[in-house]
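# Descriptive structure summary
Here's the letter readout for the chains.
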Amino acid sequence: MEEDDKIKDLFSNFQPELSTSDGDFLAQLRRSMAAVELVRRQHLARRRDSRKALAVAALTGFAVGVIFTLLIPFVGDCISTFSISSVTVTIDYGILCRFMAATASCLTAINACRLALGKNFRR
Amino acid sequence: MDRGQFISGVEGSQKALRRFLMALCCGDSQLADDVAQEALIKAYLSLGSFNSTEEKFNAWLFRIAHNTFLNMKRAQHPTVGYEATANLAGNDAPDAAFRYQALYGALGRLPAKERASVLLYYMEGYDIKEISAITGNSEDAVRQHLSRGRKHLRELLDPTDK
């Protein structure tokens, strides 16, 4: 117990001088908090914009995909009329058209996403 | 708890927190303030996780500050020993700067866990259960740290008293 009291006495008088005043310390803390808030807001805005761009890309890709799928019968006919008669390899134009539709949808979606992101970043 | 409540809470407890960190940093007031700033920003960012029914605001702040201090210690490469505290840059009042050199020197030689337990118990008046929550050690471990810390501190401050 005596040992305990000695240490209690030691710390009861412990009043070290701090390097900055309370006012300065709190002012610095407020500045840091404001900076953190700013970064957090920007981060949230960036995430929101990214989500929007992804939604735009998905919708555009879907729309282009639907349009191309509807056009497949016509596109297939067009391609088959241009086919070279001497080529003996059998080509499945349906698969070719679907592949083209998928590629076009993907490319359109990627570009739509890029455009949406670019527009957001400029803002 | 919103931003305003957080700031008013911090205004009430920042002095005790900085004093605790200054002792934990063995008198390096600049480092203590840096740790305090970092800890308070961390606390502000994780305000959502604070549950006022489970924990006191002060104890929560001390827990974050203690963890921040430990993380900082882990990241730091020790280049100087506790003897370096004798050469700490003084402030405008040299007498005040050197008043606690013996205590800082002794605290610097205590293991971090013992130091934190001793400071929280004797300086801030927390009980064993609260110290256990702040430091993340079991109550038995805290009791052990306190007992050893007390013994070491006594030996270091008064080598003749064994």
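Note that this is a predicted model, so its numbers are computed, not measured. (Residues numbered from 1 in each chain as written. Chains lettered and ligands numbered in written order. Predicted model: local features only at pLDDT ≥ 70, side-chain atom pairs only at ≥ 80, totals over all residues. Heavy atoms only, no water.)

### Here we look at the overall build of chain B
A tally of helices and strands in chain B yields eight helices and zero strands. Element order for chain B, N to C, with α for helix and β for strand: α-α-α-α-α-α-α-α. Across the 162 residues of chain B, 48% fall into the buried class. Sequence-distant contacts, at least 24 apart, represent 66% of the contacts inside chain B between residues at least 6 apart. Summed over its atoms, the accessible surface of chain B is roughly 8,100 Å², and 48% of this surface lies on carbon and sulfur atoms. (Helix = DSSP H or I, 4+ residues; strand = E, 2+ residues; numbered from the N terminus. Buried < 20%, exposed > 50% of the residue type's maximum accessible area, 1.4 Å probe, protein only. Contact = heavy atoms within 4.5 Å. Areas by Shrake-Rupley, 256 points an atom, 1.4 Å probe, with all protein chains shown as cover.)

### Side note on the confidence of the model for chain A
Detailed reading of the predicted coordinates is not advisable wherever pLDDT is low. Averaged over all residues, the pLDDT of chain A is 80; the fraction at 70 or higher stands at 80%. Model confidence for chain A, summarised as mean pLDDT per element, is weakest for helix α1 (residues 2–12) of chain A at 73 and strongest for helix α2 (residues 22–82) of chain A at 86. (pLDDT = per-residue confidence, 0-100.)

### Comments concerning the interface of chain B and chain A
Across the boundary between the two partners, chain B contributes 38 residues, which contact 28 residues of chain A. The largest share of the area that chain B buries against chain A comes from R18, Q37 and Y122 of chain B, three residues that together contribute 19% of it. Taken together, the connections running from chain B to chain A amount to three salt bridges. For D22 of chain A, the salt bridge identified is with R18 of chain B, shortest N-O distance 3.3 Å. Here chain B and chain A share eight residue pairs in polar contact (both at pLDDT 80 or more) between them. Broken down by secondary-structure element, the contributors of at least two residues to the side of chain B that touches chain A are α1 (3–24), α2 (29–45), α4 (94–99), α5 (101–109), α6 (112–123) and α8 (139–157) of chain B. (Buried area = accessible area lost by both parts, 1.4 Å probe. Salt bridge = Lys/Arg side-chain N within 4 Å of Asp/Glu carboxyl O. Polar contact = N/O pair within 3.5 Å; in protein donor to acceptor, adjacent residues only side chain to side chain.)

### Thoughts on the packing of aromatic side chains
Where two aromatic rings form a pair, the distance of their centres and the angle of their planes describe that pair. According to the stated counting rule, one finds eight aromatic pairs over all chains in the structure shown. Residues F6 of chain B and Y44 of chain B carry aromatic rings whose centres are separated by 5.5 Å and whose planes lie at 45 degrees to one another, so their mutual orientation is tilted. Highlighted residues: F6 of chain B in helix α1 and Y44 of chain B in helix α2, separated in sequence by 38 residues. Three or more aromatic residues joined by ring pairs make a cluster, and in this case those are F6, Y44, F50, F57 and W60 of chain B. Stacked on the ring of Y44 of chain B, the Lys or Arg R40 of chain A has its end atom at 5.8 Å from the ring centre. (Phe/Tyr/Trp six-rings, centres within 6.5 Å; stacked < 30°, edge-to-face > 60°. Lys NZ or Arg CZ within 6 Å of the ring centre and 35° of its normal.)

### Quick notes on the packing of helix α3 (residues 57–75) of chain B against α6 of chain B
Residue and element names in this part refer to chain B. Taken N-terminus to C-terminus, the directions of α3 and α6 make an angle of 155 degrees; their axes are 12 Å apart at the nearest point. On the basis of the axis angle, α3 is roughly antiparallel to α6. Considering only the axes of α3 and α6, their crossing is right-handed. Every residue of α6 that contacts α3 at F62, H66, F69, L70 and K73 is listed here: A112, R115, A116 and L120. Its residues assigned to classes, the contact of α3 with α6 shows six nonpolar, one polar and two charged. (Axes fitted to C-alpha atoms, helices over the stretch in contact; angles between N-to-C directions. Parallel < 35°, antiparallel > 145°, perpendicular 65-115°, else oblique. Left-handed = near helix turned anticlockwise from the far one by under 90°. Nonpolar A, V, L, I, M, F, W, Y, C, P; charged D, E, K, R; others polar.)

### Regarding the packing of α3 of chain B against helix α7 (residues 128–135) of chain B
The axes of two packed helices give the description: the angle between them and the distance between them. Residue and element names in this part refer to chain B. Two numbers describe how α3 lies on α7: the axes approach to 8 Å, and their chain directions differ by 45 degrees. When the axes of α3 and α7 are compared, the pair comes out oblique. Relative to α7, the crossing made by α3 is right-handed. Facing A59, F62, R63 and H66 of α3, the residues of α7 in contact are A133, I134 and T135. Tallied by class, residues from the contact of α3 with α7 come to four nonpolar, two polar and one charged.

### Remarks on the nonpolar core
Formed by 59 residues in total, the largest nonpolar core has its most connected members in F11 of chain A together with F6, L21, W60 and L107 of chain B. Of the residues forming this core, the biggest block, ten residues, is contributed by α3 of chain B. Residues within four places of W60 of chain B in sequence aside, it is in contact with F6, A43, S46, L47, S49, F50 and E55 of chain B. Counting five residues, the second largest nonpolar core, distinct from the first, contains A57, A109, C113 and A116 of chain A. (Core = buried A, V, L, I, M, F, W, Y, C linked by side-chain atoms within 4.5 Å.)

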